[in-house]
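Structure assessment
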Amino acid sequence: MSRSRNAEPAPPPQSTLRHTHSHPEADADSVCANHSPAVGLAAAEDYCRARDLRLTPARRRALDLLLSSHRAMGAYEVLEGLAADGLGSQPPAAYRALDFLTQNGLVHRIERLNAYVACPHPHHAHSPAFLICRSCGVVEEAASSAARAALANAASSGGFQIESVVIEVVGLCPTCIPTAASEGGPA
Ligand SMILES: [Zn+2]
Ligand SMILES: [Zn+2]
């Protein structure tokens, strides 16, 4: 396993450093979260075209896999999908596609899981919190503006300068709560 490529992490996109949300009517943290993979792919194509970004077949396939899964997927899982389509058989193929998608806001990296999820609304600048189901692995984006503001206040009152904030919340999704209870959770 060569995870040493992360020895020098690329600087995170600006939007994760500073929350500059300015979409009064579209606090995307709550809208358009139910796009189908086809809708998501079409939106990504528009998004890339508008920005002169190349959505190569491998990048497109990697995004399709993530849009279809709703779970976070590791790079090796994405690589299996690429390999099945003849789009690459070595890990760098997956990492290059995922790096492109992450850097351009189409995909988020979940630090805790060392895995990736498709962003349901890349066209809105945002810094989401992630709600991670520990049972089924589903990851949802949630609004984090209030939490980030509270952290910014707490930090500045202590003279601390925030450079990056990662909010990843672990718990049980609505589907898994009943199962967990019947498996002898807290009585
Ligand atoms: Zn997102
Ligand atoms: Zn779940």
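Residues numbered from 1 in each chain as written. Chains lettered and ligands numbered in written order. Predicted model: local features only at pLDDT ≥ 70, side-chain atom pairs only at ≥ 80, totals over all residues.

Note the threshold: UniProt positions are given in the numbering used here, feature names are shortened, and annotations may be inferred rather than shown by experiment.
Under the annotation held in an unreviewed UniProt entry, the chain carries the name Transcriptional repressor and is attributed to Paracoccus suum. Here is the UniProt Sequence similarities (unreviewed entry) comment for the chain, exactly as written: "Belongs to the Fur family."

Observations regarding the pairing of strand E4 (residues 139–142)
Inclusion rule: Backbone-placed C-beta atoms define the burial measure: a residue is buried with 20 or more other C-beta atoms within 10 Å of its own, exposed with 12 or fewer, and partly exposed in between. Helix and strand definitions here come from DSSP, where helices need a minimum of 4 consecutive H or I residues and strands a minimum of 2 consecutive E residues; each element is numbered from the N-terminal end. Strands qualify as paired when DSSP identifies two bridges or more between them.
Of the two faces of E4, the one lined by Val139 and Glu141 is fully buried and the one lined by Glu140 and Ala142 carries no buried residue. Both strand E3 (residues 129–133) and E4 contribute to a ladder of four bridges, which runs antiparallel. The residue of E4 that forms the bridge with Ile132 is Val139. What sits between the antiparallel neighbours E3 and E4 is a turn of five residues, in which Gly137 has the positive phi angle 85°.

Examining the UniProt feature "binding site: Zn(2+)" (unreviewed entry) in the chain
For clarity, the cut-off: Contact between residues is assigned whenever the C-beta positions, reconstructed from backbone atoms, fall within 7 Å.
This chain's UniProt record puts "binding site: Zn(2+)" (unreviewed entry) on Cys133, Cys136, Cys173 and Cys176. For the annotated residues, spread through 44 residues, the largest C-alpha to C-alpha distance comes to 8.1 Å, consistent with a single compact locus. By the secondary structure assignment, Cys136 is in the loop between E3 and E4. Exposure remark for Cys136: the 14 C-beta atoms within 10 Å place this residue in the partly exposed category. Among all residues touching Cys136, those that are not within four sequence positions of it are Cys173, Thr175 and Cys176. Position of Cys173 among the secondary structure elements: in the loop between strand E5 (168–171) and helix H7 (176–182). Residues in contact with Cys173, not counting those within four places in the same chain, are Cys133, Cys136 and Val138.

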